[in-house]
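Take a look at the letters that make up each chain.
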Amino acid sequence: MWFVGLLVGAVIGSIGDGSGVVIGGIAGIILGAIIGSKLKRDGAADTRIATLEDAVRQLNERVKTLESGAPVTVAQAVPAVTLSVTPAVPEVPVPQPVAEPLSTATSAAQTVAPAAATDWTADARAESSVPLDPVTPDQPREPREPSAIWNFFFGGNTLVRVGIMVLFVGVAFLLKYATDRGFVPIALRLAGVAAGGIALLVLGWRLRFKRAGYALMLQGGGIGVLYLTVFAGLRLYGLIPAPLAFALLAAIAFFSALLAIVQDSKALAVTGATGGFLAPILASTGGGSHVALFSFYAVLNGGILFIAWHKAWRELNLVGFGFTALIGLAWAGRGYRPELFASVEPFLILFFLMNVAIAVLFALRQAPKLTHYVDGTIVFGLPLVAFGMQAGMLKHTEFGAAFSALALAAFYLILARVLYAKQRESLRLLVDSFLALGVGFATLAVPLALDARWTSAVWAVEGAAIVWVGVRQNRRLARAFGMLLQLAAGLAFLSSVNRHAAPETILPLLNANYLGCVMISVAALFINCYAERRRDVVGENEYVFTRALFVWGALWWFVGGELEVERVLFGAAQWHGTLIFFALSCGTFAALWQRLQWRMARYAALALLPLMALALAGMILHTGHPFANHSYVGWLLVFAAHFWILRKHDTEAFEGARWREWWHATGFWILAIVASWELGWQINHYVKGSIVWPLIAWGLVPAALIVTFAAKGERLGWPVNAHQRAYLYLGSVPLAAYLLGWMVVGNLTRGGAAPLPYVPLVNPLELALFGTLLALVMWYLLVRRMALPGTCLPSPKSALVLLGSLVFVLLNSVLLRTLHHYANVPYQFGTMMASTLVQASFSLFWSLLALGTMFFATRSARWGSLRALWFTGAALLAVVIVKLVLVDLSNTGTVERIVSFIGVGLFCVVIGYFAPVPPKGGTEKIS
């Protein structure tokens, strides 16, 4: 490779007045030596691998022969394998056959015995030649391999290398000196230099068998001299016309390629190909036909294809692909016009097919060597470049890019099928690569049919494919590039998304905006899924990044789907579509988690619950009721998916996970809210005229749910019987607290339930209030009796105090509503507190409550001692008396005040007869 660097450096250094030829050539020699040293190490590694393959093959043959029971001679048993160290091993004596009649089986055993002994000897030699003990700190370390520059100057035949370099410098100075002095005619001097180059070629050719390395150096120097001579005759002196120079450079390129094939020299092939591709550039005058240029490059690529048929030289393949792509892109950027499509398209197709064939041939040659036989640069870079050129040429043609992507998809899928049928095992990775490309371009064809923005979609699909191959071939750089390409694809898509397209101009789902989001999402999700399955290859840091890519992909999926629902549907129908989209998406993620053991997909499935909460909040803000526009279908689907996902988590792997209980409880709350809201709206819709009707539903539904689950939970089946703590405690306690607040709000209403008249205690509101209180009491008693682990309920004494307070408040609210409806007292706090009728009613009603409480505490012997209840009644009676003295005594001129005094007095007399003293303490019963 050093003379390739010499050539390229000289060409670069000749720019200007030509004085930099020497410096450029020397720099090129050094750079080429470094690259060549790497190629040499790779070639040596391939040679070692080939040697080991031969040894393994021969050992397999020996094993098969022994298993077949055929006679084996000593020569057959010992393969001709040269080992690095073979210590002397004593010969094992072969037992002689016994001179007596032997059976056939005994004869066969004696025939195989020498072979077995010889096999033991060979195995002993092989084992003794392999170092089994690791290198210890006391053992001397192997010397470090010298650098490429040191090897160039002091490794191998140093004199030849130095001589060729000095010769090159001398020729360059000769040409420069001849130019400055004008001695010998320029044509003659150039001819002499060319003759010298040819002489080096002839000498190298003659020495190719005796001194192979020496001969290749001479030939490389001769080719470089010829390239420089033609270049000098064209550019420095103008003696050679451009067409002739073009032909000469092409001839030199083909001649060097021929020498490379004959002598199995990769460096000569790369040199010839490089010179051939540079020839049109060196000989260019700024004009000329693109057909002639591409025809010449087609011939060069045909030569590389011919070499690929015989040799697996990746560097040569990359030279052909790189020069063709770069020069083609440069020409397209400067000289392409739509009217040139007919003359350019055939060459693009031809170059594409040639490079695909080169990639397949490389894989066929490289696969048996057990090394990386898929050239990812060509396999994935070729469709990216070719499709980019094709899309650029068809940017003014409707659906041009879409049909091109569809054609590429069909081509790759058919090629993958053919290779799979012919070379199923040896080319499995290449088949998978072509299959991935086919599927990717087939997916890409759909959005391209509706929109010309293909860049971000191509990046996402190609990035995923690159990561896939990078994992298969354990190439970290390829994986990093593919992952970063996902972020670039997303940013490119956001910068070009059409936010202002009219809804009627694009089809639902089948449009570039939505399908672009889907492709970016699927690509990122695929990377995470595949990386999770190949944790043996993917490092920890890479896996963390793939988890971030999963979040990235999930956001693209859900946000893109929600935006598409909002674009297609209108009004309340949007929430219906949103619920269905969330249910199907999270259900699909749950199925993928189960089917592929994809751990991250489980988190996307569990995201259904917060998505349900977001949808419910949006409905509360924008719709009248949750089942608007048949949204009950969406809610049924979303709850079915929610419980199905939670059922998949009822396994031993998640036993004891606290989050499961909270997920069940939160779903219970959402169910209560949706059912209460819908029932209240339905009642209000059919029975209009009062706020009481929808308010009743908001209390009865949660109360019915908690008492039903507490009473019938074990018979309701899964999930209530399997997660009792989640539904009866974590889910019910917040609902119980909510019901207490609901009762307070209900007591503040007037109680009118038009068209029904108000009847104390039997009107809808008060029936709902007392029914809710009864449900709370039943729930408390049932849950306390169950003694569920991890629960913390109020003590019975505290619960009784709370119950008594609630009953007192409810009864007083019944009294106030009765006075409002039957005595026309305005239902306002200030007005009622100033009303003498209300105050007198309070005095009488509280005295009656005190009487009943004290009488019950004294006479209910079966309840045991109820001293606290008696004192509660006495305290209430004392409050009534104080109220009479401080409030009612100041105004005794009204009938209400008189009645209150008389009534309270009579109640006190009755209490003094039936319950004059509190019951005894302890547990003594009162007779």
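Everything that follows concerns the structure shown earlier in this document.
Not measured: the values here are computed from a predicted model. (Residues numbered from 1 in each chain as written. Predicted model: local features only at pLDDT ≥ 70, side-chain atom pairs only at ≥ 80, totals over all residues. Heavy atoms only, no water.)

Digging into the nonpolar core
Soluble globular proteins tend to bury their nonpolar side chains together.
Thought 1: F387, L430, F434 and F441 are the most contacted members of the largest nonpolar core, which totals 59 residues.
Thought 2: Mapped onto this core, the elements with two or more residues apiece are α13 (341–366), α14 (376–393), α15 (400–422), α16 (428–448), α17 (455–472), α18 (476–496), α19 (512–533) and α20 (540–568). (Core = buried A, V, L, I, M, F, W, Y, C linked by side-chain atoms within 4.5 Å. Buried < 20%, exposed > 50% of the residue type's maximum accessible area, 1.4 Å probe, protein only. Helix = DSSP H or I, 4+ residues; strand = E, 2+ residues; numbered from the N terminus.)

Looking at the environment of E542
Thought 1: By secondary structure assignment, the location of E542 is in helix α20.
Thought 2: Assessed through its relative accessible area of 12%, E542 is described here as buried.
Thought 3: Separated by 66 residues in the primary sequence, E542 and R476 have C-alpha atoms spaced 9.0 Å apart.
Thought 4: Setting aside its immediate chain neighbours within four residues, E542 contacts R476, R479 and M483.
Thought 5: In this structure the side chain of E542 is engaged in a polar contact, spanning 3.2 Å, whose partner is the backbone nitrogen of G539. (Contact = heavy atoms within 4.5 Å. Polar contact = N/O pair within 3.5 Å; in protein donor to acceptor, adjacent residues only side chain to side chain.)

Looking at helix α30 (residues 796–822)
Thought 1: The end-to-end C-alpha separation of α30 is 38 Å, in line with the 39 Å expected for 27 residues at 1.5 Å each.
Thought 2: Every buried residue of α30 is accounted for by L806, L810, N812, S813, V814, L815, L816, R817, T818, L819 and H820. (Expected span 1.5 Å × (residues − 1).)

Quick notes on the side chain of T623
Thought 1: Mapped onto the elements of the fold, T623 is located in the loop between α23 (608–622) and α24 (632–648).
Thought 2: The class for T623 is buried, based on a relative accessible area of 15%.
Thought 3: At 2.6 Å, the side chain of T623 and the backbone oxygen of M619 are in polar contact.
Thought 4: Once residues lying within four places of it in the same chain are set aside, the contact partners of T623 are A572, W575 and W677.

Section: a nonpolar patch on the surface
Thought 1: A grouping of V759, L761, V762, L767 and Y822 is seen on the molecular surface, where their side chains present a nonpolar patch of about 480 Å² in accessible area.
Thought 2: Since its relative accessible area comes to 44%, L761 is described here as partly exposed. (Patch = residues over 30% accessible without salt bridge, like charges linked within 9 Å, V, L, I, M, F, W, Y side chains within 5 Å. Areas by Shrake-Rupley, 256 points an atom, 1.4 Å probe, with all protein chains shown as cover. Salt bridge = Lys/Arg side-chain N within 4 Å of Asp/Glu carboxyl O.)

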